[in-house]
Amino acid sequence: MVTEMMKNIYRIEVPLPKNPMKLLNSYLIRGKERSLIIDTGFNRPECREAMMSALDELHVDFDSTDIFLTHLHADHSGQIFSLKTDKNTAYAEEREARVVNMLHKDEYWEHIYEEFRRGGLKLPKEEALATHPGVMWRPDSEVDFTYVQDGQILEAGGYHFRCIVTPGHSPGHTCLYDEENGIFFAGDMILGDITPNLCYELYLDDPLTEYIKSLRIVENLDIRTIFVGHRNMLQDVSGRIAGLRKHHELRCAEALQTLKENGPMDSWDAAARMTWDINAKDWESFPPSQKWFATGEADAHMVFLYHNGKVRMHYNDDGVKIYEYADDDLRGLIV
């Protein structure tokens with residue numbers, strides 16, 4: 001479905017079947033000479049059909065329409081190779097672009113699986129990779145990216161967008177901000193009714209610390225209109241940022257309490273004891289991919305707590321990180 005949001009800015013709803021995110025909000029910024037697509041959807045038939053139908057409805061000429069990826073995840077990057085031509089430009093932050101061009105390689109995913117195993121993931125490798133949406137719906141091949149840097153200006157549709165690098169959800173997640181009009185394309189940095197997932201990525205060692213820094217950057221911008229990457233639009237940006245801070249403070253407190261009550265454990269075992277907003281009666285009923293994401297999310301909070309002296313960490317004989325409660329004073333950590 002295509003919706004005109006404001007002058008020269010269109011929202012394209014790309015369905016994400018059987019995925020908790022439900023849909024991707026892709027955007028087209030239409031200009032007289034060149035246009036810009038922001039994010040693309042999974043590399044799967046339902047996403048491609050929705051995207052191509054919308055672009056046809058908007059009479060888009062691919063050769064004069066560039067593509068900007070807010071970040072590397074396959075629900076945002078999966079169709080990049082279908083939209084890239086010899087005459088248009090694909091933009092992304094360098095770390096994001098490099099990973100996008102590795103997503104089609106099995107060796108990359110084997111490396112990522114091993115890193116999550118060290119974080120406690122107990123899914124067998126074959127099952128984990130076969131059920132991960134980033135593996136199932138990844139791009140088919142590499143594309144020639146043009147890297148963007150923090151502060152760089154991209155022009156489209158009469159707007160002047162400044163690239164703002166906001167790591168946390170991914171290593172080089174990048175938003176677009178038009179200061180004159182107060183327009184902010186948030187990607188997955190801030191979402192209206194979902195909390196962005198934080199977990200291990202290549203080039204990203206402490207996701208929550210980076211995410212908190214990014215929240216500080218965004219809250220100092222004059223944002224009058226925010227376009228988010230999934231589901232419903234958002235009105236109260238400052239209120240949402242305060243809510244996100246509170247969410248992560250509560251998650252850190254829950255992680256600490258889990259360790260305090262149950263003793264040292266890895267992030268899988270901690271995640272199994274933590275609360276999750278998912279339609280499953282217990283941890284064993286979680287789909288494999290959600291166990292992967294929950295373990296990564298728990299580990300992101302454990303790593304943050306470790307760096308701030310609230311937990312101790314060591315590796316067991318299998319090379320898995322084991323966390324142990326040390327201190328539960330969280331005052332001033334998440335601000």
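## As for the packing of aromatic side chains
And step 1. In total, this model carries 12 aromatic pairs according to the counting rule given.
And step 2. Centre to centre, the rings of Y108 and W109 are 5.3 Å apart; their planes meet at 80°, and the pair counts as edge-to-face. Here Y108 and W109 have matching classes, each one buried.
And step 3. Considering the side-chain rings of F161 and F185, the 5.6 Å spacing of their centres and the 75° angle between planes classify their relative orientation as edge-to-face. One end of the pair, F161, is in strand β9 (residues 159–165); the other, F185, is in strand β11 (residues 183–187), with 24 residues separating them in the sequence. Each member of the pair, F161 as well as F185, carries the same accessibility label: buried.
And step 4. Taken together, the ring pairs in this structure connect Y27, Y159, F161, F185 and F227 into an aromatic cluster.
And step 5. Here the basic side chain of R251 rests over the ring of W276, its NZ or CZ set 4.2 Å away from the ring centre.

## Points about the pairing of strand β12 (residues 225–228)
And step 1. As paired strands, β11 and β12 are joined by four bridges and run parallel to one another. In the strand pairing of β12, F184 is matched with I226.
And step 2. The parallel pair β11 and β12, bridged by helix α8 (residues 207–219), forms a crossover whose chirality is right-handed.

## Digging into the sheet that holds strand β5 (residues 65–68)
And step 1. Spatially, the seven strands line up as an open sheet ordered β1-β2-β3-β4-β5-β6-β7, and their pairing is mixed. Both outer strands of the open sheet, β1 (2–6) and β7 (145–148), are each paired with one neighbouring strand and no more. Averaged over all adjacent pairs, the angle separating strand axes in this sheet is 30°, with direction ignored.
And step 2. Here helix α1 (residues 45–57) sits on the sheet in contact with β1, β2 (9–15), β3 (23–29) and β4 (35–38), set at roughly 155° to β2.

## Some points on the side chain of S214
And step 1. Note on placement: S214 falls in helix α8.
And step 2. Since its relative accessible area comes to 1%, S214 is described here as buried.
And step 3. Not counting chain neighbours up to four residues away, the residues in contact with S214 comprise T166, P167 and M189.

What counts, and where the lines are drawn
- Residues numbered from 1 in each chain as written.
- Predicted model: local features only at pLDDT ≥ 70, side-chain atom pairs only at ≥ 80, totals over all residues.
- Heavy atoms only, no water.
- Phe/Tyr/Trp six-rings, centres within 6.5 Å; stacked < 30°, edge-to-face > 60°.
- Buried < 20%, exposed > 50% of the residue type's maximum accessible area, 1.4 Å probe, protein only.
- Helix = DSSP H or I, 4+ residues; strand = E, 2+ residues; numbered from the N terminus.
- Lys NZ or Arg CZ within 6 Å of the ring centre and 35° of its normal.
- Pairing = 2+ DSSP bridges.
- Right-handed = clockwise from strand over helix to strand, strands pointing away.
- Axes fitted to C-alpha atoms, helices over the stretch in contact; angles between N-to-C directions.
- Contact = heavy atoms within 4.5 Å.

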